[in-house]
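Structural description and commentary
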Amino acid sequence: MKLVFAFLFLTIAFSVSAQDQREFSYTEGDTTYTMKRYVFMLLESGTTKSKDSTEATHFQEMHLAHLNKLAESGKLIVAGPFEGGGEHRGLLIFDVETVEDALKLEGEDPSVKTNRLKMNAFYWWGAKGTIIN
């Protein structure tokens, strides 16, 4: 099993560096797996805090409207808050070419612009077509 994971890791590393593509497939037995590179973003608490519940509600509404717009465009495919995450507020998964593309898109979020949330993004490989029910 360790050999399979080592091979998979080397295949990913070679495929990405040699071809700089977002997808690759590999076959194990009679099954072919297709992996795709997404951008995973962790949203964390920023330094700006709302002074009252009305202001907090207003920024939450704008934040959700922004995320809905990104989802409708097909660029944001998963989003959600953490329960009891402390400084870790939520996660986003983008179907975009680069980390920079995701940072630019989420950088337009009113909660990010006002430093209520800060972003930490990196590449994540997942099975292409994965559906979360």
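Residues numbered from 1 in each chain as written. Predicted model: local features only at pLDDT ≥ 70, side-chain atom pairs only at ≥ 80, totals over all residues. Heavy atoms only, no water.

Regarding the overall build of the protein chain
Note the cut-off: Going along the chain from the N terminus, every DSSP run of H or I of four or more residues is numbered as a helix, and every run of E of two or more is numbered as a strand. Burial here depends on accessible area, computed with a 1.4 Å probe over protein chains only, as a share of the maximum for the residue type. Under 20% is buried, over 50% is exposed, and the range in between is partly exposed. Note on areas: these come from Shrake-Rupley sampling with a 1.4 Å probe, and a residue is covered only by the protein chains present in the view.
Of regular secondary structure, the protein chain possesses four helices and five strands. The order of α-helices and β-strands along the protein chain, N terminus first, is α-β-β-α-β-β-α-α-β. Evaluated residue by residue, the protein chain yields a buried proportion of 31% over its 133 residues. For the protein chain, the accessible area works out to roughly 8,800 Å², and carbon and sulfur atoms hold 57% of it.

Section: the pattern of salt bridges
Keep this limit in mind: Each reported salt bridge corresponds to a side-chain nitrogen of Lys or Arg within 4 Å of a carboxyl oxygen of Asp or Glu.
All told, the structure shown has six salt bridges when counted by the stated rule. Notably, a salt bridge pairs D95 with R22, separated by 2.5 Å at the nearest N-O pair. Here R22 lies in the loop between α1 (2–19) and β1 (23–28) and D95 lies in the loop between β4 (88–94) and α3 (99–106), a separation of 73 residues in the sequence. Residue D95 is classed as partly exposed on the basis of its relative accessible area, which comes to 23%. Put simply, K128 and E23 hold a salt bridge, and the shortest N to O gap is 3.1 Å. Of the two residues, K128 is situated in the segment after β5 (117–127) and E23 in strand β1; the sequence distance between them amounts to 105 residues. E23 sits in the partly exposed class, given a relative accessible area of 29%. Sharing partners across several salt bridges, the network here consists of R22, K36, D95 and E97.

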